[in-house]
Amino acid sequence: MTRAPEQAPALGSSARAWSAISLGGERRGLWWATLLIAGIVCCITFYAKGGLNLEAMTATEMALTLASGLVIAGAVALGPTAGRVYGTWSVALLVAFTSLTALSVVWSVQPDSSWHDAGRMLAYSAVFGAGVALVRLAPERWPAVLGGLALAAVTVCGYALLTKIFPGSLVPANAYARLEEPYGYWNAIGLTAAMGAICCMWLGARRTGHSLLSALAYPAMGLLLLTLVLAYSRGALAAFALGAVLWFCLVPLRLRGAAVLIIGGAGAGAVGAWDFSTHALSAEKVGLAARTTADHQLGALLLAMLLALALAGIAIGFLTARRAPSLTARRSAGTVLLALIVLAILAVGGALAHSHRGLTGSVSHAFNALTDPNAKPPSNTPDRLTAVASVRARYWKEALQVFDAHPALGAGGEGYATAHLRYRTETLSVRHAHGFIVQTLADLGLVGLLVALALLFAWITAAGRTANPFNRRWASWRAWRGMRAGERPGWRRRPEPYTAERVAMLSMLCLVVVFGAHSLVDWTWYVPGNACVALLCAGWLAGRGPLGAGAAEKRTPRRSIEPEHARGTAARGWAWRPARPSRLRGVVAGAVIIGALLAAWSEWQPQRSEEARDEALALLARDPHRAHAAAERAISLDPLSAEALFTLATVQNVAGQTGLARVTLERAARLQPSNPQTWLELGRFDLSNSPKAALAELQAAIYLNPESIAPEEIGPPNPQREAVEIYNDYIQALRAAARPSTALNSANGSPAGGPAVSPTGTRRRSGPPGARSRSPLSAG
């Protein structure tokens, strides 16, 4: 009895010591998780780049699919057994959208591209599912997600700025003033900076965490905003502005966030203004020698900016830690910020009102320039930041024309790249419609858009359940049953405390909004380094569920592995311990792994086919038999590829099997009848043997792609070799079909019925001038 009073303090100190040890281990775990997430995102970004290289995309898709499959299987086998599984509807609808993309190979105008797109969507679905699984396994690791994404964004944008400081060592062939590396696309690096800036606002504004990390948010914000400005990406700037406004509306830490944004923006604005005023850095096609001095000066200014912003962040953190601003000071600061915003809006409105077009005229002119398909696009200089015109209206018009021709199911996954050739009026070649909605309408029609909208609705519902952005919730369906008892179903006000986790969830929501807004006006949905960041956050939000204590997951407390005095620490919350896998959970986890393996195998086949095709062409000169076997293998690996059939026809033709070669080319045309390239290859093959058949086939190719022989493509000053060859082949077939008794001039390919064009763009004189039509119908 006399020792009892002495044991209580001993137990208390032991519990505190155990708590400190547990907290230290948790922090170390967060650091490792943060570095892991940042490393994965950086690997995806630097390896996959813009997502246009088949080999890099195949490896990226397979790695993402397999890794995500393991995470999902682990969540199924070892995750908590109690509680509702959130995010299932979002996962199911994303899988449905992926399935529709895969099924579109049946009706696609270019089924091999649809297969590639299905592989990308499989990887994206796996990443989203992994986000849902991760939050179920470790919901307390949300700081690692946002911290890792912020670190990855700073790393990627830092490299982009280094390419402008040391272009001779990193990108000697780049002639543009805009930042574009490591993606090879300036709008993608701008979007990375915009999403990273949202993470930095969370990092600098949070009340928890290490104060030094919060101070580092200031130089990180300056670096990201400078990257955003030097990318000259208007879409990324607009998306970030939308995300920042939403963040300030939803997150109560407005003054803290404003301090990070304003101070970081001031530093970035100063360096960016100097860059814009320096001709060697802001003009296109400036030689490396002329840029060297200015590049090094930019590096020195960037270093000075980062140092100054770091000192400012440390000073602000030190001052606010010693003496927090009073309520009056915070309200005064908020009033000043609102007044500045109002004054800025009035200044812009006044400037427009006093312009020569007036306010309404300026707005109307800007709208017309934005929606005019024939508007002249601005140059790749800082002037484009104040310009409104864009070529996107042209792409959107062509996408809607493709949708009008295929309204129900579209032209197939990534079918826009082939189908829009029939409707384009300019020679600029693009693969994407630069907008998710118009791209979906062109590729998958109304069915695809409806599935996408259902997915959006399901995800908004799930994310709203987690973040509760409006402090309101829909009443449960059970409330409708109690209407007679006086219950009032509907969207009720249910305010929740702004905990550290809820602020993080709201920040994730703003990040996803930034990505979604940018995807409406660009094709960054196809860039893995951008898309995977948003998919991870979207999956985390969908799978987290309500944040309230009453809705938290029930987890098994640690009992057998902790000492007796540590139970007081565990009693304050539930510590997760892997559940013992049941037979059913093991079967489901195994099925997930098998599905991931099958998906990765499917993603691998187009690349294997391409490798076999390259092998066949390499063996053609020295071993025709092995070349034929390699070409057959390429077709068996990817039976939807027209390129594989072209290779087999080439091998057969070299081997003297001309009949089989023509049959193979006819097979390619039947496989992809809406692809002008299949008719072009068949027409060129028939040119020497069957001119009339060649004429019809070349007419079909030109009908499907009228701009392939546009005057600006075949004439000076920059004639395109492919366009010149198509034009000459067509004129040759036209004359041969008109005069079947006249022998073709095989020496130079010049028909007497029209002027042939040399690859340098000058016309070869051969007889009287003939017809020069861009339409095979009028020519025929």
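Residues numbered from 1 in each chain as written. Predicted model: local features only at pLDDT ≥ 70, side-chain atom pairs only at ≥ 80, totals over all residues. Heavy atoms only, no water.

Caption draft 1: Structural detail: the overall build of the protein chain. Counting its regular elements, the protein chain contains 30 helices and four strands. Burial status across the protein chain gives 49% buried among its 780 residues. Restricting to contacts in the protein chain with at least 6 residues of sequence separation, those with at least 24 account for 71%. If you sum the accessible surface of the protein chain, you get close to 37,300 Å²; carbon and sulfur atoms cover 65% of it. (Helix = DSSP H or I, 4+ residues; strand = E, 2+ residues; numbered from the N terminus. Buried < 20%, exposed > 50% of the residue type's maximum accessible area, 1.4 Å probe, protein only. Contact = heavy atoms within 4.5 Å. Areas by Shrake-Rupley, 256 points an atom, 1.4 Å probe, with all protein chains shown as cover.)

Caption draft 2: How the structure looks around the nonpolar core. Residues L149, F240, W459, M505 and M508 are the most contacted members of the largest nonpolar core, which totals 117 residues. Among the elements that make up this core, the one with the highest residue count is helix 7 (residues 186-205) (15 residues). By size, the runner-up hydrophobic cluster in this structure holds 23 residues, among which are L619, L620, A642 and F646. (Core = buried A, V, L, I, M, F, W, Y, C linked by side-chain atoms within 4.5 Å.)

Caption draft 3: Examining a nonpolar patch on the surface more closely. A cluster of nonpolar side chains, contributed by V336, L340, V342, L343 and L346, occupies part of the molecular surface with about 490 Å² of accessible area. Within the secondary structure, V342 is located in helix 13 (residues 327-353). By relative accessible area, which is 45% here, V342 ends up partly exposed. (Patch = residues over 30% accessible without salt bridge, like charges linked within 9 Å, V, L, I, M, F, W, Y side chains within 5 Å. Salt bridge = Lys/Arg side-chain N within 4 Å of Asp/Glu carboxyl O.)

Caption draft 4: Seen up close, helix 23 (residues 624-637). Its 14 residues give helix 23 an end-to-end C-alpha distance of 20 Å, which sits within 8% of 20 Å, the value for a rise of 1.5 Å per residue. Of the residues making up helix 23, those classed as buried are A627, A630, A631, A634, I635 and L637. Projected onto a plane normal to the axis of helix 23, the buried residues spread over an arc of 165° and lie on a single side. Every exposed residue of helix 23 that faces more than 90 degrees away from the buried side is listed here: H625 and S636. The inward-facing, buried residues of helix 23 contact helix 4 (111-137), helix 22 (583-619), helix 24 (642-654) and helix 25 (658-671). (Expected span 1.5 Å × (residues − 1). Arc of directions from axis to C-beta.)

Caption draft 5: Inspection of the pattern of salt bridges at higher detail. Going through the model one piece at a time under the given rule, you end up with 16 salt bridges. Notably, a salt bridge pairs D729 with R684, separated by 3.0 Å at the nearest N-O pair. Here the residue D729 occupies a position in helix 29 (residues 721-738), and R684 occupies one in helix 26 (residues 676-686), the gap between them amounting to 45 residues. Looking at D729, the relative accessible area reads 15%, which means it is buried. One network of salt bridges, with partners in common, ties together R684, R721, E722, E725 and D729.

Caption draft 6: Molecular detail of the packing of aromatic side chains. Under the counting rule described, the total for this entry stands at nine aromatic pairs. Seen in terms of ring centroids, Y185 and W523 are 4.7 Å apart; in terms of plane orientation they differ by 25°. Their pairing is stacked. Linking Y185 in the loop between helix 6 (167-170) and helix 7 with W523 in the loop between helix 19 (500-519) and helix 20 (528-544), this pair joins segments that are 338 residues apart in sequence. No difference in accessibility class separates Y185 from W523, as the two residues are buried. Between W247 and F248, the ring centres sit 5.4 Å apart and the planes meet at 90°, which makes this aromatic pair edge-to-face. An aromatic cluster of three or more residues is present, and its members are F97, Y124, F436, F515 and W525. Above the face of the Y498 ring, R502 is positioned so that its terminal group lies 4.2 Å from the ring centre. (Phe/Tyr/Trp six-rings, centres within 6.5 Å; stacked < 30°, edge-to-face > 60°. Lys NZ or Arg CZ within 6 Å of the ring centre and 35° of its normal.)

Caption draft 7: Here's a closer look at the packing of helix 17 (residues 436-467) against helix 20. Where helix 17 contacts helix 20, the axes come no closer than 7 Å and their chain directions differ by 65°. In terms of orientation, helix 17 lies roughly perpendicular with respect to helix 20. Crossing of helix 17 over helix 20 shows left-handed handedness. Mapping the contact onto sequence places W459, A462, A463 and T466 in helix 17 and A538, L541, A542 and R544 in helix 20. Residues that form the contact of helix 17 with helix 20 fall into these classes: six nonpolar, one polar and one charged. (Axes fitted to C-alpha atoms, helices over the stretch in contact; angles between N-to-C directions. Parallel < 35°, antiparallel > 145°, perpendicular 65-115°, else oblique. Left-handed = near helix turned anticlockwise from the far one by under 90°. Nonpolar A, V, L, I, M, F, W, Y, C, P; charged D, E, K, R; others polar.)

Caption draft 8: Spotlight on the confidence of the model for the protein chain. Mean pLDDT over the protein chain: 83, with 83% of residues reaching 70 or higher. Every residue in residues 1-23 is under pLDDT 50, and counting partners more than four places away or in other chains gives 10 contacts. (pLDDT = per-residue confidence, 0-100.)

Caption draft 9: Spotlight on the side chain of N468. By the secondary structure assignment, N468 is in the loop between helix 17 and strand 1 (472-474). For N468, a relative accessible area of 0% puts it in the buried group. Every residue in contact with N468, bar those within four places of it in the chain, is listed here: A463, R473, R494, E496 and R502.

Caption draft 10: Main features of the packing of helix 15 (residues 392-405) against helix 17. Relative orientation of the contacting elements helix 15 and helix 17 amounts to 10°, with a least axis distance of 8 Å. Taken together, the axis directions place helix 15 and helix 17 in an arrangement best described as roughly parallel. Every residue of helix 17 that contacts helix 15 at W396, A399, L400, V402 and F403 is listed here: V438, L441, A442, G445 and L446.

Caption draft 11: Local environment of the environment of A694. Here A694 is to be found in helix 27 (residues 691-704). Under the relative-accessibility criterion, A694 is labelled buried at 0%. Here the alpha-carbon distance between A694 and A736, two residues 42 residues apart in the chain, equals 9.7 Å. Here A694 is in contact with G683, D686, L687 and A733, once residues within four sequence places are set aside.

Caption draft 12: Representation of unusual backbone geometry within the structure. The residue after E181, namely P182, is reached through a cis peptide bond having omega 5°. Position of P182 among the secondary structure elements: in the loop between helix 6 and helix 7. Each neighbour pair has its own omega, and for P716 with P717 the value is 10°, a cis peptide bond. Along the chain, P717 falls in the loop between helix 28 (711-714) and helix 29. Here the phi dihedral of Y232 falls at roughly 55°; this positive angle occurs in a residue that is not glycine. Mapped onto the elements of the fold, Y232 is located in the loop between helix 8 (211-230) and helix 9 (234-250). Phi is positive for E414, which is not a glycine, with a value near 55°.

Caption draft 13: Structural view of the environment of L303. Inspection of the secondary structure assignment puts L303 in helix 12 (residues 288-322). Residues L303 and L223, 80 residues apart in the sequence, show an inter-C-alpha distance of 9.8 Å.

Caption draft 14: Looking closely at the side chain of T440. With respect to the helices and strands, the residue T440 is situated in helix 17. Assessed through its relative accessible area of 5%, T440 is described here as buried. For T440, the residues in contact, after removing those within four places along its chain, are F97, G445, G448 and L449.

Caption draft 15: Just helix 27, in detail. With 14 residues, helix 27 extends 20 Å between its outermost C-alpha atoms, agreeing within 8% with the 20 Å of an ideal straight helix rising 1.5 Å per residue. Inspection of helix 27 places A694, L695, E697, L698, Q699, A701, I702 and L704 among the buried residues, and these make up the whole buried set.

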